[in-house]
2 protein chains.
Amino acid sequence: MARRPAVVTIADVAARAGVSLSTVSRALNGNPTVDPALAERVRAAAAELDYTANPWARSLVSGRTQTIAVVVPDLANPTFQTILRGLGRAAAADDFHVLVSDSAESVDAERTLATTTRRRTDGVILCAPRMPQPDLDALAATLTPLVLVNRTSPDVASVRADYGAALRAQLDDLHRLGHRRILHLSGAPGSASGAQRAKALDAFTAAHPEVDLRRLPCGVDADAGAAAADAVLDSGATAALAFNDLVAVGLLDAVRRRGCRVPDDLSIVGFDDIPFARFTTPALTTAAVPAEELGRAAWVRMRALLSGEAPPPSLTLVPETVVRATTGPPPS
Amino acid sequence: MARRPAVVTIADVAARAGVSLSTVSRALNGNPTVDPALAERVRAAAAELDYTANPWARSLVSGRTQTIAVVVPDLANPTFQTILRGLGRAAAADDFHVLVSDSAESVDAERTLATTTRRRTDGVILCAPRMPQPDLDALAATLTPLVLVNRTSPDVASVRADYGAALRAQLDDLHRLGHRRILHLSGAPGSASGAQRAKALDAFTAAHPEVDLRRLPCGVDADAGAAAADAVLDSGATAALAFNDLVAVGLLDAVRRRGCRVPDDLSIVGFDDIPFARFTTPALTTAAVPAEELGRAAWVRMRALLSGEAPPPSLTLVPETVVRATTGPPPS
DNA sequence: CTGTTAGCGCGTTCAC
DNA sequence: GTGAACGCGCTAACAG
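The structure displayed is predicted, hence computed values, not measured ones.

Colleague: Sorry, what's going on with the packing of helix 1 (residues 10–17) of chain B against helix 3 (residues 36–49) of chain B here?
Modeller: Angle between the axes and distance between the axes are the two parameters that describe a pair of packed helices. Residues and elements named next belong to chain B. Viewed as axis vectors pointing N to C, helix 1 and helix 3 meet at an angle of 125°, and their least axial separation amounts to 9 Å. Classed by the angle they form, the pair helix 1 and helix 3 counts as oblique. Of the two elements, helix 1 crosses helix 3, and the hand of that crossing is right-handed. On helix 3, the residues touching D12, V13, R16 and A17 of helix 1 are R41, V42, A45, A46, E48 and L49.

Colleague: Before we go on, may I ask you to explain the protein's contact with DNA strand D in this structure?
Modeller: Contacts to DNA strand D come from 24 residues, most closely from I10 and Y51 of chain A together with T23, D35 and L38 of chain B. Looking at DNA strand D alone, sugar and phosphate atoms form 69% of those within 4 Å of the protein. Measuring from a phosphate oxygen of DNA strand D, one finds a backbone N or O atom of S20 of chain B at 3.1 Å. Within the contact set of DNA strand D, a phosphate oxygen lies 2.6 Å away from a backbone nitrogen or oxygen of D35 of chain B. Of all elements in the fold, only helix 2 (21–28) and helix 4 (55–62) of chain A together with helix 2 (21–28) and helix 4 (55–62) of chain B reach the threshold of two or more residues within the surface near DNA strand D. Class assignment of the residues belonging to the surface near DNA strand D gives a composition of 10 nonpolar, 9 polar and 5 charged.

Colleague: Is there a simple way to think about the sheet that holds strand 7 (residues 212–216) of chain B in this case?
Modeller: Pairing between sheet strands relies on hydrogen bonds along the backbone, with the strands arranged either parallel or antiparallel. All names here are of chain B. A sheet is described by the order of its strands in space; here 4 strands give the open sequence 7-6-8-9, paired in parallel fashion. Lying at the two open borders of the sheet, with one neighbouring strand each, are strand 7 and strand 9 (267–269). Between one strand axis and the next, the sheet turns through 20° on average, direction left out of account. Relative to strand 7, strand 6 (residues 181–185) runs parallel, the two sharing 5 bridges. Residue L183 lies in a different strand from strand 7, and its bridge partner there is R214. Helix 9 (residues 192–207) contacts strand 6 and strand 7 of the sheet and is inclined by roughly 160° relative to strand 7.

Parameters at a glance
Residues numbered from 1 in each chain as written. Chains lettered and ligands numbered in written order. Predicted model: local features only at pLDDT ≥ 70, side-chain atom pairs only at ≥ 80, totals over all residues. Heavy atoms only, no water. Axes fitted to C-alpha atoms, helices over the stretch in contact; angles between N-to-C directions. Helix = DSSP H or I, 4+ residues; strand = E, 2+ residues; numbered from the N terminus. Parallel < 35°, antiparallel > 145°, perpendicular 65-115°, else oblique. Left-handed = near helix turned anticlockwise from the far one by under 90°. Contact = heavy atoms within 4.5 Å. Near = heavy atom within 4 Å. Polar contact = N/O pair within 3.5 Å; in protein donor to acceptor, adjacent residues only side chain to side chain. Nonpolar A, V, L, I, M, F, W, Y, C, P; charged D, E, K, R; others polar. Pairing = 2+ DSSP bridges.

As structure tokens, then:
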């Protein structure tokens, strides 16, 4: 049984202003074909009654909700938090609301959530780093408007960071410092950025046969980084590149507890530049993924899509290397 | 002009199953007065057509949206992120959606957002740490169902951490260690938890006249903590209690850069136990606010409210002190 | 320029 | 047990 809250409807406003429903609707929606005097009277009545159009009724007829859906794998990940924040604030500035869902790292949930939340919103912005490409393409075909974050699919608007380019820069920096035994903590298998990075790794190996560049499968959080500490130390590598800052932080802490000096004994490089990267000891060298900017850019594309315009071209930002204090020359 | 996407409606299902609209509606809503065989036929038809009821039409008639609104001051704050995560996952488990808004630390925006998002959802969960109590009470009177996080108001469901009790415990620990000159970095003025803490500070001062306990106004983020470093060092205090871990982290980093040894020269205590607190150097002593649990508990109360039940009593969790390595005896 | 009318897609009384 | 009809609150055609 519906609790029907006693709210004021357009009929109340019409009665108070002494006009018809349509006039109220037109006046409040800024339709220019209304007599300015009447429009003013309507606005006054609406204000006195504290009237706001029922969003569901409005959506039912207009097909629009002023709301977008955002799907992320895990709200505990600083990068997604930051993307969400940038996105949310940008959308709010355009009077749009944001429906978030956290897929708990489940690709199935991502697919389901994207579809179900689409039904209650005007479009979806999807972060699905580990969804297989064919699945993503198939999903994208059924989902519009859609903006992808850190993924691409044919004819789909997207914004992404160039993980490959940034990794290349990090490798070059390490090489320039003299490192010849480098370990890459590769994160969970199957991620899209992981593929970009694998390519960069391959290219680097081809270009620098003198470098022993190995990969170590690994998780994506601080615990995973800590768990990898022994393997990293045993590997004899002089530098470790972490999948992200969380992994780097966990690794840094764990190796230091084992008496390893960073960067004297081991250089550590993160990825993302989360807010805390500045505050590790030593401060973490990393690549700054402009997550807030990605969020804003995703909104800009969604907004264009919603107004039927062609969205700005897909955006690729290359994370800038920020050298702090966890990197240095290899031990001699 | 409404883009009317070609979606299947209840009428399509009815036609396919060879029954009336009402039967489809009843069958799909589990109304027991439908012939089981018919119900099955309807479900089959719905499945084949991949039918889902239009949520806006459903909301329009039922008055329910399966969505709740969450308003937070800043999505960049780890505590709110964690609350949101716990809340979101709990709500999702009950098939509810979450509409988030970030007020950008503006009390005005909090008020507005709470009201406007209420109209598109079934209830709101409000984190408004700095809204003056009279304003909060007034807002609460117009907003139902409502669950407050870290605030209370007469007859309003709420979940909170007991900042006073936790601060008391921290002060006792410091006193037991021998500290007699203690500085409290009090955060932005006007926050509710700030008031609780002020009381705890007053009580401690009354009970321990031998202790020089001072307060230093301060912001709520790492930059604020860093900015307070000189003042803290000049004060001659042997221990500093930060408003939250962000402030503590900023302070810790800044004093160490100035050559101050922590905890030998200065003990630092945080508040919240954000994920990163384990990874500072030294690891941060703090009070663990169970943010994820608060989020879950907020949802449990909202769910009760939504089903017309009396919500569980207001919850007050006392953050547990977690002693790590930034605290020790004062310098002798 | 304004009022009347007809849906938007669904849940839910009512009769049958 | 099932179907027809109404109405949720609003916008957009259509007259006037």
